[in-house]
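Residue-level listing of the chains:
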Amino acid sequence: MSKECLFIWYPKCTTCQKAKKWLDDNEILYEMRNIKEQNPTASELRQWWEKSNLPLRKFFNTSGLLYKSLGLKDKLSGMSEEEQFSLLATDGMLVKRPLVIAQDNVLVGFKEAEWEILTARC
């Protein structure tokens, strides 16, 4: 294993707990960061988004209470990329998790089949 991945999670999230167990079971080296205590910056989010090849909306925690209370389902399409990055940077609970940032890839959410690539990249 060449380089540690950055694992961004929320410890109370059961999906994040499953993802952490998967990383441990597969002996993936990682640096852990609690998204609630250390929210990603707009700059970090932009870098990760560019690496991910995903639509920006995939970085939003659409099932979260904050997302719903802000009515973002209807507002996101009218926001610029910069506005969306700035909004995501205001509160870690808006960001889809877990996130794994590898040297050349970013994974958003936990889908075990997608995470298999980490065994070769972290």
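Thresholds applied
Residues numbered from 1 in each chain as written. Predicted model: local features only at pLDDT ≥ 70, side-chain atom pairs only at ≥ 80, totals over all residues. Heavy atoms only, no water. UniProt positions renumbered as here; feature names shortened; annotations may be inferred. Salt bridge = Lys/Arg side-chain N within 4 Å of Asp/Glu carboxyl O. Helix = DSSP H or I, 4+ residues; strand = E, 2+ residues; numbered from the N terminus. Buried < 20%, exposed > 50% of the residue type's maximum accessible area, 1.4 Å probe, protein only. Core = buried A, V, L, I, M, F, W, Y, C linked by side-chain atoms within 4.5 Å. Contact = heavy atoms within 4.5 Å. Pairing = 2+ DSSP bridges. Axes fitted to C-alpha atoms, helices over the stretch in contact; angles between N-to-C directions.

- With an unreviewed UniProt entry as reference, the chain is termed Arsenate reductase family protein, source organism Pelosinus baikalensis.
- Of the chain, the UniProt comment under Sequence similarities (unreviewed entry) reads exactly: "Belongs to the ArsC family."

## Quick look at the pattern of salt bridges
Point 1. Inspection of the entire model under this criterion finds six salt bridges.
Point 2. Residues Lys-20 and Asp-24 are paired through a salt bridge, measuring 3.0 Å at the closest nitrogen-oxygen approach. One end of the pair is Lys-20 and the other is Asp-24, both in helix α1 (residues 14-25) and four residues apart, which spans about a single turn.
Point 3. Residue classification places Lys-20 among the partly exposed residues on the basis of a relative accessible area of 22%.
Point 4. A relative accessible area of 37% places Asp-24 in the partly exposed class.

## A look at the nonpolar core
Point 1. With 39 residues, the main nonpolar core has Trp-48, Phe-59, Leu-99, Trp-115 and Leu-118 as its most contacted residues.
Point 2. Of all the elements in the fold, those that place two or more residues in this core are β1 (5-9), α1, α2 (42-52), α5 (81-88), β3 (99-101) and β4 (106-108).
Point 3. Those residues in contact with Trp-115, other than ones at most four positions away along the chain, are Phe-7, Ala-19, Trp-22, Leu-23, Pro-98, Val-100, Leu-107, Gly-109 and Phe-110.

## Observations concerning the sheet that holds β3
Point 1. The sheet built from four strands is open, its strands ordered β2-β1-β3-β4 with mixed pairing. Looking at which strands have only one partner, the edges of the open sheet turn out to be β2 (30-34) and β4. Direction aside, the axes of adjacent strands within the sheet are offset by 15° on average.
Point 2. Two strands pair when backbone bridges link them, and β1 and β2 are joined in this way by five bridges, in the parallel orientation. Among the inter-strand pairings, Phe-7 is bridged to a residue of β2, identified as Met-32.
Point 3. Along the sheet, α1 contacts β1 and β2; its crossing angle with β1, the most-contacted strand, is approximately 155°.

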